[in-house]
Amino acid sequence: MFTLVLLSLLGTGLAYNVPPSAKYATNIPDEAYVLPGTSYPTFYDVRLFLDPGNHDFFTGDVTIRLFPTVNTSTIVLHAMAMNITKIGLYDALDENVDILESSNIATDDTHFLTVRSKVELNIMRPYHLKIEYIGSYATNMFGIYVSTYERPNIGTVNLITSQLQPTFARRAFPCYDEPRYKAVFRTTIYAPPKYTTVRTNMPLRTDLLKPEVPNVSKYEFQDTVIQSTYLLAYLVSDFDFVTNEPLEATSIFPKPFRVYSRPETRNTAAFALDYGQRNMIALQNYTKFDYALPKFDKAAVPDFAAGAMENWGLVIYREVALLVQDGVTTTATKQNVGRIICHENLHMWFGNEVSPVSWTYTWLNEGFANFFENYGTDLVLPQWRMMDQYVLLLQNVLQNDAVLTINPMTHPVFTPSQIISTFNAVAYQKSGSVIRMMQHFLTPEVFQQGLVYYLVNNTRRAVVPAELYVHLQAALDESNHSIPRPLAVIMETWTTRGGFPVLTVRRSAPTAQSISISQQRYLTDPTLSSPTTWHVPINWVLSTNPDFSDTKPQTWLQPTGPALAVDIPGLSDAEWFIVNKQQASYYRVNYDDQNWRALARVLSTSHSIIHLLNRAQIVDDVFNMARNGRTSYSNAFEVSRYLINETDYIAWGSANNAFNYLDTVLSGSPAYAVFQAYILHITGPSYERLGFIAKETEEHVTPFHRNIILNLNCRLGNEQCVNQSQALLEQFRNNPSNSINPDIQTTVFCSGLRGGDAANFNFLWERYIASQDSSEQAILLNSLGCTSNETLRNFYLGQIIDENSSVREQDRHTVLVSTINASPANMEAALEFVVKNFAAIQPRVQGLTGTTNILNALARRLTTRAHLKKIETFATQYDSIFTAGERASINDIKENIGASIVWSTSNYEVVHSWLRVNYGSSASILTSGFLIIISIFVTLYNH
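Comments concerning the pairing of strand 2 (residues 57-68)
Sheet faces and side chains relate simply in a regular strand, where the side chains alternate between the two faces.
Then, number 1: Pairing of strand 1 (residues 39-49) with strand 2 involves ten bridges; the strand directions are antiparallel. Opposite P41, over in strand 2, you have L66 as the bridge partner.
Then, number 2: Of the strand pairs in this sheet, strand 2 and strand 8 (residues 127-136) are connected by ten bridges, and their pairing is antiparallel. What sits directly across from R65, in strand 8, is H128.

Focus: the nonpolar core
Then, number 1: Core analysis: the largest hydrophobic core is formed by 260 residues, its most contacted members being F447, F659 and L666.
Then, number 2: The leading source of residues in this core is helix 15 (residues 649-666), at eleven residues.
Then, number 3: Residues contacting F447, with those up to four places away along its chain left out, are Y286, F368, F371, F372, I435, M438, Q439, L442 and L472.
Then, number 4: Formed by 48 residues, the second largest nonpolar core is a distinct cluster that contains L35, L113, Y195 and F221.

Let's talk about the pattern of salt bridges
Then, number 1: Inspection of every chain in the model, using the stated rule, returns 41 salt bridges.
Then, number 2: Close ionic contact of K295 with D297 constitutes a salt bridge, the shortest N to O distance being 2.7 Å. Of the two residues examined, K295 and D297, each falls in the buried class.
Then, number 3: Taking the shortest distance from any N to any O, the salt bridge between E803 and R844 comes out at 2.4 Å. Here E803, found in the loop between helix 22 (790-798) and helix 23 (812-822), pairs with R844, found in the loop between helix 24 (824-841) and helix 25 (850-859); they are 41 residues apart in sequence, far enough to count as distant.
Then, number 4: On the accessibility criterion, R844 (21% relative accessible area) is partly exposed.
Then, number 5: One continuous salt-bridge network, built from bridges that share partners, spans R186, R205, D207 and D223.

As for the confidence of the model for the chain
Then, number 1: Here the chain averages 93 in pLDDT, and 95% of its residues register 70 or above.
Then, number 2: Across residues 5-25, where pLDDT falls below 50, the model places 78 contacts with residues more than four positions away in sequence or in other chains.

Re helix 11 (residues 487-495)
Then, number 1: For helix 11, the complete set of buried residues consists of L487, I490, M491, T493, W494 and T495.
Then, number 2: Residues of helix 11 that are buried make contact with helix 5 (363-380), helix 8 (426-442), helix 10 (465-478), strand 23 (501-507), strand 25 (536-538) and strand 27 (555-557).

Remarks on unusual backbone geometry
Then, number 1: Cis peptide bonds are those with omega within 30 degrees of zero, and the linkage from Q165 to P166 qualifies with 0 degrees.
Then, number 2: Inspection of the secondary structure assignment puts P166 in the loop between strand 10 (155-163) and helix 2 (169-172).
Then, number 3: Residue P246 follows E245 across a cis peptide bond; omega there is 0 degrees.
Then, number 4: Structurally, the position occupied by P246 is in the loop between strand 16 (240-243) and strand 17 (257-261).
Then, number 5: Non-glycine residue H111 carries a positive phi angle of around 60 degrees.
Then, number 6: Mapped onto the fold, H111 is located in the loop between strand 6 (100-105) and strand 7 (112-121).
Then, number 7: With relative accessibility at 3%, the residue H111 sits in the buried group.
Then, number 8: Residue R385 is not a glycine yet carries a positive backbone phi of 55 degrees.
Then, number 9: Note on placement: R385 falls in the loop between helix 5 and helix 6 (386-400).

Observations regarding the environment of S823
Then, number 1: Counting through the fold element by element, S823 comes out in the loop between helix 23 and helix 24.
Then, number 2: Along the sequence, S823 and Q676 sit 147 residues apart, while their C-alpha atoms lie 14 Å from each other.
Then, number 3: One polar contact links the side chain of S823 to the main-chain amide nitrogen of N826, over a distance of 3.1 Å.

Points about the state of the cysteines
Then, number 1: Under the criterion given, the structure shown has two disulfides.
Then, number 2: A sulfur-sulfur distance of 2.0 Å marks the disulfide that ties C750 to C786. A torsion of 50 degrees about the S-S bond marks the disulfide between C750 and C786 as right-handed. One end of the pair, C750, is in helix 19 (residues 745-754); the other, C786, is in the loop between helix 21 (774-784) and helix 22, and 36 residues separate them in sequence. Accessibility classification places C750 together with C786 in one group, the buried group.

Considering the sheet that holds strand 7
Then, number 1: Pairing is antiparallel across the open sheet formed by three strands, whose spatial order is 3-7-6. The open sheet is flanked by strand 3 (72-78) and strand 6, the only strands paired with a single partner. Strand-to-strand twist across the sheet, computed as the mean angle between neighbouring axes with direction ignored, equals 15 degrees.

Quick notes on the sheet that holds strand 17
Then, number 1: The five strands are arranged 16-17-18-20-19 in an open sheet whose pairing can be described as mixed. Only two strands of the sheet have a single partner each, and these edge strands are strand 16 and strand 19 (308-309).
Then, number 2: Along the sheet, helix 4 (residues 331-347) contacts strand 18 (296-301), strand 19 and strand 20 (314-318); its crossing angle with strand 20, the most-contacted strand, is approximately 150 degrees.

Considering the packing of aromatic side chains
Then, number 1: In this structure the tally under the stated criterion is 61 aromatic pairs.
Then, number 2: Aromatic side chains Y286 and F372 sit 5.2 Å apart centroid to centroid with 70 degrees between the ring planes, which places their arrangement in the edge-to-face category. Of the two residues, Y286 is situated in helix 3 (residues 270-287) and F372 in helix 5; the sequence distance between them amounts to 86 residues.
Then, number 3: The exposure class of Y286 is buried, given its relative accessible area of 8%.
Then, number 4: We classify F372 as buried; its relative accessible area is 1%.
Then, number 5: Pairing F623 with F637 gives two aromatic rings, centres 5.7 Å apart and planes at 85 degrees, and the pair type is edge-to-face.

What counts, and at which threshold
- Residues numbered from 1 in each chain as written.
- Predicted model: local features only at pLDDT ≥ 70, side-chain atom pairs only at ≥ 80, totals over all residues.
- Heavy atoms only, no water.
- Pairing = 2+ DSSP bridges.
- Helix = DSSP H or I, 4+ residues; strand = E, 2+ residues; numbered from the N terminus.
- Core = buried A, V, L, I, M, F, W, Y, C linked by side-chain atoms within 4.5 Å.
- Buried < 20%, exposed > 50% of the residue type's maximum accessible area, 1.4 Å probe, protein only.
- Contact = heavy atoms within 4.5 Å.
- Salt bridge = Lys/Arg side-chain N within 4 Å of Asp/Glu carboxyl O.
- pLDDT = per-residue confidence, 0-100.
- Polar contact = N/O pair within 3.5 Å; in protein donor to acceptor, adjacent residues only side chain to side chain.
- Disulfide = S-S within 2.5 Å.
- Axes fitted to C-alpha atoms, helices over the stretch in contact; angles between N-to-C directions.
- Phe/Tyr/Trp six-rings, centres within 6.5 Å; stacked < 30°, edge-to-face > 60°.

Laid out in structure tokens, this is it:
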């Protein structure tokens, strides 16, 4: 599953949108949520009667072939949000006698369906459990649910789809709803004839077995391979499709491959059809393991809680995550589509062929999908530079992972609320980053061979991480490479411990041939500490031989013992050195002042000597070391001077994160004007070079660079930038057919809204209401939060809880996130709205990522004691309804505010002093109302 993180992660998602802790006031021990394991299924025969015109209920029946693992008279499985109308239990060898004594569904959130037999059931003897039921369509996009859209000249059209991961197969039919219980599934769907596109995991079968039913069409599907319940999917719709059929020898992919979507969007599915097939071939070649099923469908639905879901053979996506329209879809969105397609394709192996025993090991699915969504896209579209961009993803998750309360990768979860909360940045971005580190320290060749062994030896099985390690270790043992400890021992420190290390690296003496390396857990709040340590792979580069290509470890730092002394021949001749080539490993590095200053000098004079990814690492590390009090902000700003000459997006992506934090903590202070002047100064050449107009020949990542530079300039007072944005918006309003480049629309729209112009807001809001394109809707939702008009801002925030909201449930959290990120004033308004209305917000934003996305956005913006007091009151007020994920986000907010309070005391004066000494005169000109033209900034700098 691809969650729209940061985009991301998971919230409530229980029946009828009632928060779990509010609905189920129980004291059930966590372990009591796990099925007892006294029986297991091998085959399900499911019939579903699905009518998109009936929003109230569906009907179904299931026959489950099961085997007891002990002699017992009780069978326990799952059922949720359904009324069982008939149930029977039969010995499979004697179907004439119903041996059922009783059954009941739990009223708590175990969702256990307990079936009792009149006679003892014998170990490993087959039995059939037959159940008829009336099911409830989910109102929160978890389970089977009804989605709607508007079709031109027809009106509202309904469809039925599903999201069964992680604990909602039990809403579709009674089942053993844990990933370890794999079985074969036979599905029959009955639906009204007007819904012509009815799909599930497998193709239609030709040997028909089920009876016809009057007035509905019958669709019988082939039996699945052995799989977990959460991978089932259903679609009943009027969708159209594009396909690679008829298959020919020249076809990209050798099996039927279809992309389904609303009929009017058929022409936007071409990219998904072409890239999806090419990516599958690349992944098959990498894994040396062919895709198992006889067909592969992808479907774009209007309402979907996740970004996409890897149902085997029928992957379901949000429209914005699958469809691409030239001239409307941004470069970032198209890249996201590519990544998400690759993410879900990769799950056909990691998750579907081999599943985790339980959601405690969610990272075995999502960590690999996160890593390969970049690595696998790079195999097909290397010009997108996805593995360069991965460093920015790693740096972003380091920020999330720098709080004391963060969960580790392997995180025991039991309740539905706990399970959903584990689908977070740790399971995705951190786990992917740790897997990337493992690829580097094992070498890519060993890593690939180990994964080949892992897949072929565990196909159709549920596993724990030890199975992964044993096969990677086997590949390592066959190679000429080695590591100092068994892989399982090394990885245990990374998967079972939260957080990550910061390495403190010092020369033993100015002319010494050795360095000292020690580790400590990095926490954003420097007043907190933790004894956690790791097995850390280490390599380095010296100025005398700046070769960054070989990322294998040159030594290891062990979790115990004193600081490591490393002898490095030639170190005394080196002006500077860098640890962690290409930021391949998951940690930060802090140097002594001498080395930071030397790095600042070489960057200033000849930055291309240093590998691009290490330039990004240096910028990110030094600003975070300064933020954390481990080095001086003067070192950070001296490093940042070189950015005036930096032309690559990756390094600017790192700098942008640092500047956004400073923008937040300095806003409203005397230092803010001089901070504005400095940022406008170092962005000057990039602003002049990139401008607003894209060039046909520019590389794929340039639009991302342009957006950073334009956003900084328009927000921080470059009148030329503001005026150009407003002129573009005015031209667009006067002639909407004269469209603005989609890549800069958010920046242009935000600039036009920051002045509070009601006409601009109304124009963009009306475009949102009229638009049927999910890409355009996303741009507009992310822009409208920029309005400074209080009345319109209140109206916009109100769309989150308005019963008649024009914003789809899956998108409502974007309203708040865009407002939070727009400006300090808008952030305060959004905070007030959340505090006042959280109980109403919680059930009205999609349960997968909604509330946690909102709280995580606040975590990056709240900085003061007043904010802390408000959050503490908020936490007390809503404690009874928080999910596990929301409670974790609240803890993150508190830690980050605490760190910012310390920052103001420890760092403000240093920052203000450096800026005042170096750019004070520019700031005075800026605040007097005469903004210096950017080219003059550049000229002054060069002289």
